[in-house]
Structures are given as C-alpha cells and as structure tokens.
Amino acid sequence: MNLPAHAEYLILLIAGWLSLLWVDLHYGTEVLASGRRLFIAEGITLSIFLAWDSLGVHRGYWRSRPARVVGLWPLPGVPVEEFLLLAMITYGAIVLWRLSAILTGRSEAPGQKLR
C-alpha cells in the first residue's frame, strides 16, 4: 500500500480514531456519550499538550516535516494532525480506563459511577 506522504499520517490517525470509537461503542464504555465531560477533559489536556508542543517547536526541540502533513497549521509549527493525535491520546486513555473498569467488575454496568 503506497499512500501519499502528506496524507499517510492523517490516514493512520483516522484509523486510530475509528478503532477507539469501535471499542467505545462495542464495549459500551459510553465515553463519547458523556459529551460534556469528554469535552472538558479534552479541552484541559489539549491546552496543556499544545502549550507543551508549541514551546518545543519554538525552542527547536522538534518539528513536523511539511512534506509529511496535510499543510494545515492551526498553531505556528504545529500541524492539525498533532491536534488529532493529542485528542486521540486523551480519548483513548479514558476509553481504556472505562473498559478496564467494566472488564474487572469495578462498574456493574456502563453509565454507572465507578465505586
């Protein structure tokens, strides 16, 4: 499979998001359904992560190669793919935490508060 270089990372991120959405819906973790709480968690973590990324780019610790991203730069030196990756990391962590609670019996049913 030979994907265009500038779209490869975005396609892989979409595949990652789709797999997490499948886990959320299939196992009933209800993370996406929690709407407001997920939005708040994403807002807090994205603010911290993106500040960290911006500082790292500004200080020259890392950079994204323009030929490997789609070319949308919401922040100087930070491509849109980075927003998607960082949001996916947060969402994935919450989904896996809820899934572990369900599978270990710490939550009797999806939607219940953990004990």
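Residues numbered from 1 in each chain as written. Predicted model: local features only at pLDDT ≥ 70, side-chain atom pairs only at ≥ 80, totals over all residues. Heavy atoms only, no water.

**Structural notes on the overall build of the protein**
Next, step 1: In terms of regular secondary structure, the protein is built from 3 helices and 0 strands.
Next, step 2: Each principal axis of the C-alpha atoms in the protein carries an extent, and together these give about 50 × 35 × 20 Å.
Next, step 3: Counting the 115 residues in the protein, one finds 28% classified as buried.
Next, step 4: Within the protein, contacts between residues at least 6 apart in sequence are counted, and of these 61% link residues at least 24 apart.
Next, step 5: Carbon and sulfur atoms provide 68% of the accessible area of the protein, an area that totals close to 7,700 Å².
Next, step 6: In the protein, 10 side chains carry a positive charge and 8 a negative one; their mean positions are 6 Å apart. (Helix = DSSP H or I, 4+ residues; strand = E, 2+ residues; numbered from the N terminus. Buried < 20%, exposed > 50% of the residue type's maximum accessible area, 1.4 Å probe, protein only. Contact = heavy atoms within 4.5 Å. Areas by Shrake-Rupley, 256 points an atom, 1.4 Å probe, with all protein chains shown as cover. Lys, Arg positive; Asp, Glu negative; His and termini not counted. Charge placed at Lys NZ, Arg CZ, Asp CG, Glu CD.)

**Looking at unusual backbone geometry**
Next, step 1: Although it is not a glycine, glutamate 30 adopts a positive phi angle of roughly 60 degrees.
Next, step 2: Looking at the secondary structure, you find glutamate 30 in the loop between helix H1 (5-27) and helix H2 (36-59).

**Observations regarding the packing of H1 against helix H3 (residues 80-103)**
Next, step 1: At a minimum axis separation of 10 Å, H1 and H3 run at an interaxial angle of 20 degrees. Relative to H3, the element H1 lies roughly parallel. Read as a crossing pair, H1 and H3 show a hand that is left-handed. Residue-level contacts link His6, Tyr9, Leu10, Leu13, Gly16, Trp17, Leu20, Leu21, Val23, Asp24 and Tyr27 of H1 to Glu81, Glu82, Leu84, Leu85, Ala87, Met88, Tyr91, Gly92, Val95, Leu99 and Ile102 of H3. (Axes fitted to C-alpha atoms, helices over the stretch in contact; angles between N-to-C directions. Parallel < 35°, antiparallel > 145°, perpendicular 65-115°, else oblique. Left-handed = near helix turned anticlockwise from the far one by under 90°.)

**Comments concerning the environment of proline 66**
Next, step 1: One can find proline 66 in the loop between H2 and H3.
Next, step 2: On the basis of relative accessible area, proline 66 is assigned to the exposed category, the value being 58%.
Next, step 3: Spatially, the C-alpha atoms of proline 66 and isoleucine 89 are 22 Å apart, while their sequence positions differ by 23 residues.

**Concerning the packing of aromatic side chains**
Next, step 1: Applying the stated criterion to the full structure yields 3 aromatic pairs.
Next, step 2: Ring centres 5.2 Å apart and planes at 20 degrees place the aromatic pair tryptophan 17 and tyrosine 91 in the stacked group. Note that tryptophan 17 is positioned in helix H1 and tyrosine 91 in helix H3, a separation of 74 residues in sequence.
Next, step 3: Relative to tyrosine 27, the ring of tryptophan 22 has its centre 6.0 Å away and its plane inclined at 90 degrees; by these criteria the two rings are edge-to-face.
Next, step 4: Residue classification places tryptophan 22 among the partly exposed positions, given a relative accessible area of 48%. (Phe/Tyr/Trp six-rings, centres within 6.5 Å; stacked < 30°, edge-to-face > 60°.)

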